[in-house]
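Chain and residue survey
Take a look at the letters that make up each chain.
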Amino acid sequence: MTNLPKIISQLVKVARLSYKRGLICGTEGNFSIKVNANLILTTPKGICKGFLKPSDLVLVDLQGNRVKGLNKNNYRPSSEMDMHLCVYETRADANAVLHAHPTTLVAFTVSGLTLDYKILPEIITTFKTIPVAQYATPGTSEVRQSIQEIIKTNDLVVLDHHGIIMLGDNILDLFYKLEMLEHYAKTLLIAKILGEPQNLSNSAIEKLIMS
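Residues numbered from 1 in each chain as written. Predicted model: local features only at pLDDT ≥ 70, side-chain atom pairs only at ≥ 80, totals over all residues. Heavy atoms only, no water.

A short note on the state of the cysteines
For the coordinates displayed, the defined rule picks out zero disulfides. Take Cys-25: it sits in no disulfide, and the sulfur closest to it among the cysteines is that of Cys-48, at 8.8 Å. (Disulfide = S-S within 2.5 Å.)

What to know about the nonpolar core
One finds Leu-98, Ile-164, Met-166, Ile-171 and Tyr-184 to be the most contacted residues of the largest nonpolar core, which totals 44 residues. Elements represented by at least two residues in this core include exactly α1 (4-20), β1 (30-34), β4 (96-100), α3 (103-110), β6 (156-159), β7 (163-168) and α6 (171-194). For this core, the element with the highest residue contribution is α6, accounting for nine residues. When neighbours within four sequence positions are excluded, Ile-164 is seen to be in contact with Leu-98, His-99, Ala-100, Pro-102, Leu-105, Leu-156, Val-157, Val-158, Leu-159, Leu-178 and Leu-181. (Core = buried A, V, L, I, M, F, W, Y, C linked by side-chain atoms within 4.5 Å. Buried < 20%, exposed > 50% of the residue type's maximum accessible area, 1.4 Å probe, protein only. Helix = DSSP H or I, 4+ residues; strand = E, 2+ residues; numbered from the N terminus. Contact = heavy atoms within 4.5 Å.)

Let's talk about the side chain of His-99
Structurally, the position occupied by His-99 is in strand β4. A relative accessible area of 0% places His-99 in the buried class. Within the local environment of His-99, its side chain forms a polar contact with the side chain of Glu-80, the two groups lying 3.2 Å apart. (Polar contact = N/O pair within 3.5 Å; in protein donor to acceptor, adjacent residues only side chain to side chain.)

Here we look at the packing of aromatic side chains
All chains considered together, the criterion is met by two aromatic pairs. Ring plane angle 55 degrees and centroid distance 6.1 Å describe the contact between Tyr-19 and Phe-51, whose orientation is recorded as tilted. Here Tyr-19, found in helix α1, pairs with Phe-51, found in the loop between β2 (40-42) and β3 (58-60); they are 32 residues apart in sequence, far enough to count as distant. Considering the side-chain rings of Phe-175 and Tyr-176, the 6.2 Å spacing of their centres and the 65 degrees angle between planes classify their relative orientation as edge-to-face. Classification of Tyr-176 as partly exposed rests on a relative accessible area of 46%. (Phe/Tyr/Trp six-rings, centres within 6.5 Å; stacked < 30°, edge-to-face > 60°.)

What about unusual backbone geometry?
Phi at His-161 takes a positive value of approximately 60 degrees, unusual for a residue other than glycine. The residue His-161 is located in the loop between β6 and β7 in this model.

Structural notes on the pairing of β1
In terms of residue burial, β1 counts as a mostly covered element, since four of its five residues are buried. Bridge count for β1 against β4 is four bridges, and the pairing is antiparallel. By the bridge assignment, Ile-33 is partnered in β4 with Ala-96. Examined bridge by bridge, β1 and β2 share three bridges and lie antiparallel to one another. In the sheet register, Ile-33 faces β2, and the bridge partner there is Leu-41. In this antiparallel pair of consecutive strands, β1 and β2, the connection spans five residues. (Pairing = 2+ DSSP bridges.)

As for the pattern of salt bridges
In total, this model carries eight salt bridges according to the counting rule given. Taking the shortest distance from any N to any O, the salt bridge between Lys-53 and Asp-56 comes out at 3.5 Å. In this structure, Asp-82 and Arg-144 form a salt bridge, with 2.8 Å as the shortest nitrogen-oxygen distance. One end of the pair, Asp-82, is in helix α2 (residues 81-90); the other, Arg-144, is in helix α5 (residues 141-151), and 62 residues separate them in sequence. Residue class for Arg-144 comes out buried when judged on its relative accessible area of 17%. Each member of the salt-bridge network shares a partner with another, and the members are Asp-82, Glu-89 and Arg-144. (Salt bridge = Lys/Arg side-chain N within 4 Å of Asp/Glu carboxyl O.)

As for the packing of α1 against α6
Contact geometry of α1 with α6 gives a least axis separation of 9 Å together with a crossing angle of 15 degrees. When the axes of α1 and α6 are compared, the pair comes out roughly parallel. α6 is crossed by α1, and the crossing has left-handed handedness. Contact with α1, carried on its side by Gln-10, Leu-11, Lys-13, Val-14, Leu-17 and Ser-18, involves Ile-171, Leu-172, Phe-175 and Leu-178 of α6 and no other residues of that element. Looking at the contact of α1 with α6, its residues break down into seven nonpolar, two polar and one charged. (Axes fitted to C-alpha atoms, helices over the stretch in contact; angles between N-to-C directions. Parallel < 35°, antiparallel > 145°, perpendicular 65-115°, else oblique. Left-handed = near helix turned anticlockwise from the far one by under 90°. Nonpolar A, V, L, I, M, F, W, Y, C, P; charged D, E, K, R; others polar.)

In structure tokens, the structure reads:
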């Protein structure tokens, strides 16, 4: 656990930034980083991430159990920890998992509207698709069932009427991508207010992909 201080700093930073940017509110959202082959560092249950302290974080094993002797507090991991465990079990390349509730992005699922537009170059080149999982009751095994197949081939899943879960190598990179996706959803919303969004042409998309 030689990198634990760095990992702690990154996790707290992303949690606070997500709250500051309005990507989560109240005690919403949960974040985790795989420390090594046996340990995961995660945010606690029932704590506002905007005021999160390093000492609030919780170390758990690969079953989501608090590791005795390593935790300095009595906090429990999020009730949605199983969602994180599902990602780590399914994707060996996942070193970090982020779950947030970006308002505009989720609003599209609440309204039953598609997010499948090709309107912003940065989104096209960063995300091959923005898949949406069917609704599942938060904090239950239904969530695992709804995302498991999708995350085999995707690094993100929008959760219907709920939020988003993302996986990657670096928690800071996931935060940047989360901001991009919410910005995309806001742009798409404004475009729909003004008129019908216009996709980029196939030739323009091909140039982006090839560049």
